[in-house]
Amino acid sequence: VKLQRLAIFGAGLIGGSFAAALKQAGAVEHVVGVGRSRANLERALELQVIDTIAIEPRSAVRDAELVLIAVPVQQTEQVLSEIAPHVSASCVITDAGSTKQDVVAAARRALGSSLIRRFVPGHPIAGAERSGVEAASAALYRDRLVVLTPTPDTDGAAIACVRSAWGLCGARLVEMDAKRHDEVFAAVSHLPHALAFALVQMYAARPHAEELVGFAGAGFRDFTRIAGSSPEMWRDICIANRDALLAELDAYLSALQALRHHLAAGDAEALERIFQDARAARSRWLSGPSSD
Ligand code: NAD
């Protein structure tokens, strides 16, 4: 694709990186950014990630051939409702939200039965615990996976357009069902983030927390890195994917109970078996294709 005009709602880490990558690939003439934070948009302009700031959603999408929604997932419906009456007849709309069933349901409500065909739900499996356009990079999606979860209604040409744009960012694409997507990411992403937040918050609430954490080494830093992520974004993800996350959380609580049981019983062999299995599995995975 060669786009004349791309509109980005939420020119933060994810939206900003998409725009920067397409610009670097020479695949877009003009990027217009829409956001909630004026300071972030002005920084995006300075960094030349976007070319203009649109105050009104309607002026942003006028003549845009592609619209990317990269805002916290609970904001998706409002943004889609605002732009639905104003997009051009051939405009393709996509998103980068970390959850997909809620986004698809929001899109159905906001876009109606005709425009929904041109909405391609997507989720780049790349990111960082940093947010805002300052953290954006044209290289963020290189060799990373992007999951698309089109519905049977999604137009084939719209899917092809979005695939091609992500391909120009250097990403590899896979398509899957939205429900399966949400189950998979509850396990490999949403639960680990919730655990990291809970662990850090538990220690932070203790008296002398600073002193305690002052003794922490690399293990604590590695385990808790993702607790530096955006609280608003993760609030939305957890609520949106509540059922799948609850199922994974319950499974983890059972695993912790089993560990606790072995520990209380002083069963060194059982503990070692769990640690051995986990280490072997992890080293098998890490020698496979890279992922985040
Ligand atoms: P970010 O905070 O860097 O950027 C989000 C931007 O959206 C902010 O600039 C904010 O001002 C803006 N915004 C919020 N509400 C808005 C609204 N109603 N209209 C317009 N702009 C609005 O966050 P991010 O990391 O870029 O995440 C964006 C989306 O991408 C989220 O849905 C998140 O689930 C998804 N995602 C994030 C990661 C990651 O690792 N950070 C990875 C994959 C997908």
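Keep in mind it's a predicted model, so treat the numbers as computed, not measured.

I14, V71, Q75, S98 and G132 are the nearest of the 27 residues found near the ligand. At 2.8 Å, a backbone N or O of I14 approaches an oxygen atom of the ligand. At 2.7 Å, a backbone N or O of V71 approaches an oxygen atom of the ligand. For the ligand, whose unbound accessible area comes to 830 Å², protein coverage reaches 89%. When residues of the shell around the ligand are traced back to their parent elements, those giving at least two are α1 (13-24), β7 (122-124) and α10 (231-240). Split by residue class, the shell around the ligand holds 14 nonpolar, 12 polar and one charged.

So, about unusual backbone geometry. Despite not being glycine, Q48 has its phi angle at roughly 60°, a positive value. Relative to the helices and strands, Q48 resides in the loop between α2 (38-46) and β3 (52-53). Positioned with a positive phi, D143 is a non-glycine residue whose angle comes to about 65°. The exposed category is assigned to D143, whose relative accessible area is 52%.

Here we have three strands laid out as an open sheet, ordered β7-β8-β9, and mixed in their pairing. Strands at the two margins of the open sheet, each flanked by one partner only, are β7 and β9 (172-175). Between one strand and the next, the sheet's axes are offset by a mean angle of 20°, whatever the strand orientation. Across four bridges, strand β8 (residues 145-148) lies against β9 in parallel orientation.

What follows deals with the sheet that holds strand β5 (residues 92-95). Consider a sheet: its strands pair through backbone hydrogen bonds, and that pairing is either parallel or antiparallel. Taken together, the six strands give an open sheet; going across it, the order is β3-β2-β1-β4-β5-β6, and neighbouring strands pair in parallel fashion. Looking at the sheet topology across the chains shown, the edges are occupied by β3 and β6 (119-120). For strand β1 (residues 3-9) and strand β2 (residues 28-34), the ladder comprises six bridges, and the chain directions are parallel. Pairing of I8 across the sheet is with G33, part of β2. With respect to the sheet, α1 is in contact with β1, β2 and β4 (66-69), its orientation differing from that of β1 by roughly 165°.

With 27 residues, helix α7 (residues 178-204) extends 36 Å from end C-alpha to end C-alpha; this agrees with the ideal 39 Å at 1.5 Å per step. The largest bend in α7 comes to about 55°, at A186. Every buried residue of α7 is listed here: A178, H181, D182, F185, A186, S189, H190, L191, H193 and A196. Its side-chain oxygen placed 3.2 Å from the backbone nitrogen of K179, D177 serves as the N-cap of α7.

Below, the discussion takes up the nonpolar core. Inside soluble globular proteins, nonpolar side chains tend to come together where they are buried. Counting residues in each nonpolar core, the largest one holds 41 residues, and the members touching the most others are L6, F18, L22, L66, Y141 and W166. Take this core: its biggest share by element is seven residues, from α1. When sequence neighbours within four positions are dropped, the list of residues in contact with L22 reads L3, L6, A27, V28, A165, L168 and C169. Core analysis: the second largest hydrophobic core is formed by 25 residues, A54, V61, A84 and C91 among them.

Turning our eyes to something else, we now look at the side chain of S230. Tracing the sequence through the fold places S230 in the loop between α9 (218-224) and α10. Exposure remark for S230: the relative accessible area of 19% places this residue in the buried category. In this structure the side chain of S230 is engaged in a polar contact, spanning 3.1 Å, whose partner is the backbone nitrogen of M233.

Criteria and cut-off values
- Residues numbered from 1 in each chain as written.
- Predicted model: local features only at pLDDT ≥ 70, side-chain atom pairs only at ≥ 80, totals over all residues.
- Heavy atoms only, no water.
- Near = heavy atom within 4 Å.
- Polar contact = N/O pair within 3.5 Å; in protein donor to acceptor, adjacent residues only side chain to side chain.
- Areas by Shrake-Rupley, 256 points an atom, 1.4 Å probe, with all protein chains shown as cover.
- Helix = DSSP H or I, 4+ residues; strand = E, 2+ residues; numbered from the N terminus.
- Nonpolar A, V, L, I, M, F, W, Y, C, P; charged D, E, K, R; others polar.
- Buried < 20%, exposed > 50% of the residue type's maximum accessible area, 1.4 Å probe, protein only.
- Pairing = 2+ DSSP bridges.
- Axes fitted to C-alpha atoms, helices over the stretch in contact; angles between N-to-C directions.
- Contact = heavy atoms within 4.5 Å.
- Expected span 1.5 Å × (residues − 1).
- Bend = angle between axes of the 7 residues up to and from the residue.
- Core = buried A, V, L, I, M, F, W, Y, C linked by side-chain atoms within 4.5 Å.

Limitation: the analysis is restricted to geometry and does not speak to function.
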